[in-house]
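Single-letter residue listing:
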Amino acid sequence: MTESSTPRTVEFWCDLQCPDCATALDDVRALRAAHGDGVDVVLRHFPLEKHKFAFPAAEAAEEAFAQGRGWPFVEALLGRVDELERGGTGFLVKLANELGLDGEELDTALIDGRHSFTVEADHAEAKAIGVKGTPTYVVAGKLLDGSKSQDGLRERIESLLA
């Protein structure tokens, strides 16, 4: 593959219980629409301690990716963060079933912790590279913090992808 045909990567550091990450999803969708296969948006996990169900939500997302429906799960989950707050891990299983995933397997994954290492590794890497909050992006080696304000963030990402 030539360098020009290699997809550029945008790391989307996210807390799946974070309302700001739900808002940032519009930027992620816009990037995908504008660049198609030319941009690979990679979900990275940075569950914040203030969100009680962020860590299990990240594990559930990893299981959804393992079942081949990660992004639909992530998008649906971020669209319903209030329900996650009220329903906890039971809501994660319910959402998986609604999306045609194997909810029982997702529940088992939450119990046996098979994806906890992935989430913990992401969290540790985020701290090491200076992620302070969510959403945060890493594009072309540059850290873009959207946790305080997302104004102009998509434009900054676009300029780094150019």
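Residues numbered from 1 in each chain as written. Predicted model: local features only at pLDDT ≥ 70, side-chain atom pairs only at ≥ 80, totals over all residues. Heavy atoms only, no water.

Chemist: Explain the nonpolar core here, please?
Modeler: A general feature of soluble globular proteins is that nonpolar side chains tend to end up buried together. Of all hydrophobic cores here, the largest spans 40 residues; its most connected members are Val10, Phe12, Phe73, Leu77, Leu92, Tyr137 and Ile157. The element best represented in this core is helix α4 (residues 81–98), accounting for seven residues. (Core = buried A, V, L, I, M, F, W, Y, C linked by side-chain atoms within 4.5 Å. Buried < 20%, exposed > 50% of the residue type's maximum accessible area, 1.4 Å probe, protein only. Helix = DSSP H or I, 4+ residues; strand = E, 2+ residues; numbered from the N terminus.)

Chemist: Teacher, can you tell me more about the packing of helix α3 (residues 70–78) against α4 here?
Modeler: Each pair of packed helices gets described by two things: the angle between the helix axes and the distance between those axes. Packing of α3 against α4 leaves a shortest axis separation of 11 Å and a crossing angle of 150 degrees. Taken together, the axis directions place α3 and α4 in an arrangement best described as roughly antiparallel. Note that α3 runs across α4; the crossing there is right-handed. Side by side, α3 and α4 meet where Phe73, Ala76, Leu77 and Leu78 of the first sit next to Val81, Leu84, Phe91, Leu92, Leu95 and Ala96 of the second. Across the contact of α3 with α4, the residue classes tally to ten nonpolar, no polar and no charged. (Axes fitted to C-alpha atoms, helices over the stretch in contact; angles between N-to-C directions. Parallel < 35°, antiparallel > 145°, perpendicular 65-115°, else oblique. Left-handed = near helix turned anticlockwise from the far one by under 90°. Contact = heavy atoms within 4.5 Å. Nonpolar A, V, L, I, M, F, W, Y, C, P; charged D, E, K, R; others polar.)

Chemist: Please clarify how α4 should be interpreted in this entry.
Modeler: One full turn of an α-helix is made of 3.6 residues, so residues set three or four places apart face in the same direction. Taking 1.5 Å per residue, 18 residues should reach 26 Å; α4 reaches only 16 Å between its end C-alpha atoms and comes up short. Maximum bend of α4: about 120 degrees, positioned at Gly87. Of all the positions in α4, only Val81, Leu84, Gly88, Phe91, Leu92, Val93, Leu95 and Ala96 are classed as buried. Summarising the contacts, the buried residues of α4 are in contact with α1 (19–35), α2 (54–66), α3 and α5 (103–112). Backbone geometry just downstream of α4 places Gly100 in the positive-phi region, at approximately 80 degrees. (Expected span 1.5 Å × (residues − 1). Bend = angle between axes of the 7 residues up to and from the residue.)

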